[in-house]
Amino acid sequence: MSRNLALSGKSARSADLVRRAAHAALLSFGKTPLAADLLVERFSSKDFDARDRAFLRELVYGVMRWRSRLDFVFGRFLNKPNVAPPVREALRLGTYQLLFMDRVPAHSAVDGAVSLLDRRNLGWARGLVNAVLRKVAGVVVSPPEGREDYLTIWESHPRWLVRRWISDLGEEEALRRCRANNEEAPVVFRVNPRASNARSLMAELKSGGVSTRSGCVDPDSLVFLPDESAPGARFSDTAAWREGRFIVMDESSSLVSRFAGAAPGERVLDACAAPGGKTACLAWAAGEGGNVVAGERSPRRLALLERNCVRIRADARLLRMDAMRPPFHEKFDLVLVDAPCSGLGVFRRHPDARWRLREEDLGVQARRQTAILQGAARAVRRGGRLVYSVCTNEPEETGEVAASFREPGFVPIRGGGALPEGAKRYLEPDGALRITPGDGLDGFFAMSWRKEGGNC
């Protein structure tokens with residue numbers, strides 16, 4: 001069951017405005033697929049308060065996450081399977097609220113969905129949507145039989161991906177992977193060790209009404225507990241946030257930064273740096289005597305990187321650069337390539353990705369990743385290290401990219417960098433870090449090499 005958002009105290013008018021924004025966002029996604037967070041930002045009115053924005057996010061993310069199940073459930077009560085996109089998205093929104101949001105009254109979910117058609121010259125469909133959703137509210141629909149159909153429809157994943165996982169991982173692991181992707185992704189804080197520690201930060205945030213718990217594996221991570229925090233308390237309003245004593249960063253990303261193993265005083269290049277979480281961790285590890293350069297090709301992402309580095313006081317030189325063609329030669333002790341990827345390991349955070357990706361995209365990503373890795377390798381000095389990471393677990397983007405990397409002088413490292421003891425179970429015999437979705441963590445892969453030949 002999805003985390004529910006209370007609507008008590010809010011007028012029906014306000015809730016309907018949010019539903020209308022969600023409807024517009026989902027229709028926009030059907031025409032031009034964009035990331036869910038960008039859609040929420042684009043369609044959030046300046047008049048929305050914090051509760052409105054949370055409701056909008058819940059609707060957009062929830063419908064995207066459970067789209068196949070929603071279609072299956074309301075489709076049981078449609079005589080014709082094909083309906084106009086505005087009608088379909090209204091049915092999805094209504095069904096999502098009926099199935100997953102206990103604190104939204106059924107009549108509000110139904111009436112709100114019907115009202116979405118008023119301004120779209122679809123008055124004829126009001127009766128259809130009303131009748132279908134009333135049946136959804138009154139009848140329990142059983143999931144489909146057969147493991148492939150169950151995972152595709154009930155766990156709401158693309159069929160091509162379900163077939164791949166059943167073939168490669170087996171039915172039980174495929175089920176575990178799908179269910180992990182459908183969990184609500186927590187907000188995780190990574191402590192700035194130069195400014196605080198986990199215990200002190202937990203106490204400081206608690207005094208401001210923001211509750212947290214310790215992370216699963218990383219000792220410098222705290223998991224935000226919104227339901228246990230004071231009403232209206234926001235971590236972004238705290239002095240600790242404004243003054244850069246923590247960043248938002250999943251534990252898996254933090255572990256990759258530790259795996260990279262930046263040491264005090266080292267020269268470090270973060271070759272694909274935005275949004276900047278790993279840049280911060282590398283800068284903290286390199287210390288005041290270190291020299292960290294953070295590169296990003298996209299001007300928009302470079303601007304995001306700059307804003308984040310300013311807030312967290314990350315001591316890094318920012319540079320617009322193409323990681324395939326770094327403007328350096330054998331300069332750095334450590335080069336991290338956190339490469340663009342399919343993002344299949346972070347589906348719980350980006351439910352839109354499951355409907356944007358195609359299987360052939362994996363090969364395209366892999367070729368790009370290989371080119372970036374080969375290009376970035378030129379910036380590693382003799383005796384230095386190269387680290388490759390991606391937030392996915394698919395073979396094409398992980399082991400196959402690592403196996404194809406055969407630049408002269410580079411040999412795999414089997415050590416684990418500065419991983420905490422509890423995270424060493426994610427190390428493989430080949431030296432790779434492999435974290436699969438589940439147990440509260442995102443999916444990630446990382447591999448490291450040393451460039452032989454001694455010091456420059």
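The structure under discussion appears in the preceding block.
Residues numbered from 1 in each chain as written. Predicted model: local features only at pLDDT ≥ 70, side-chain atom pairs only at ≥ 80, totals over all residues. Heavy atoms only, no water.

1. So, the overall build of the protein chain
We count it as follows: Here a helix means four or more residues in a row that DSSP labels H or I, a strand means two or more in a row labelled E, and each is numbered from the N terminus. In this description the radius of gyration comes from C-alpha coordinates, and the expected globular size is given by 2.2 Å times residues to the power 0.38. Relative accessibility thresholds used throughout: buried, under 20% of the residue-type maximum; exposed, over 50%; partly exposed, between the two (1.4 Å probe, protein chains only). Throughout, a residue-residue contact means that at least one pair of heavy atoms, one from each residue, lies within 4.5 Å. Note on areas: these come from Shrake-Rupley sampling with a 1.4 Å probe, and a residue is covered only by the protein chains present in the view. In this tally, Lys and Arg are treated as positive and Asp and Glu as negative; His is ignored, and so are the chain termini. A single reference atom marks each charge: NZ on Lys, CZ on Arg, CG on Asp, CD on Glu.
What the protein chain contains, in helices and strands, is 18 helices and twelve strands. Here the C-alpha atoms of the protein chain give a radius of gyration of 24 Å, agreeing with the 23 Å that 2.2 N^0.38 yields for 456 residues. In terms of overall dimensions, the protein chain has a C-alpha envelope of 75 × 50 × 40 Å along the principal axes. Split into buried and exposed, the 456 residues of the protein chain put 55% on the buried side. Long-range contacts, defined here as pairs at least 24 residues apart, represent 73% of the contacts in the protein chain between residues at least 6 apart. Accessible area of the protein chain: about 20,100 Å², with a carbon and sulfur share of 49%. The averaged location of the 56 negative side-chain charges in the protein chain is 4 Å from the averaged location of its 70 positive side-chain charges.

2. Considerations on the environment of Val-337
Relative to the helices and strands, Val-337 is located in strand S8 (residues 332–338). In sequence terms Val-337 and Ser-448 are 111 residues apart; their C-alpha atoms lie 10.0 Å from each other.

3. Considering the pattern of salt bridges
To be explicit about the condition: Within this document, salt bridges are pairs made up of a side-chain nitrogen of Lys or Arg and a carboxyl oxygen of Asp or Glu, the two lying within 4 Å of each other.
With the rule as written, the count across this model stands at 40 salt bridges. Where Glu-172 meets Arg-147, a salt bridge forms, and the shortest distance between an N and an O atom there is 3.4 Å. Taken together, the residues span a long stretch of sequence, with Glu-172 in helix H10 (residues 171–181) and Arg-147 in helix H8 (residues 147–154) at a distance of 25 residues.

4. Comments concerning helix H9 (residues 159–169)
All buried positions along H9 are accounted for by Trp-160, Leu-161, Val-162, Arg-164 and Trp-165. The inward-facing, buried residues of H9 abut H8, H10 and helix H17 (360–376). At the C-terminal side of H9, Gly-170 shows a positive phi close to 95 degrees.

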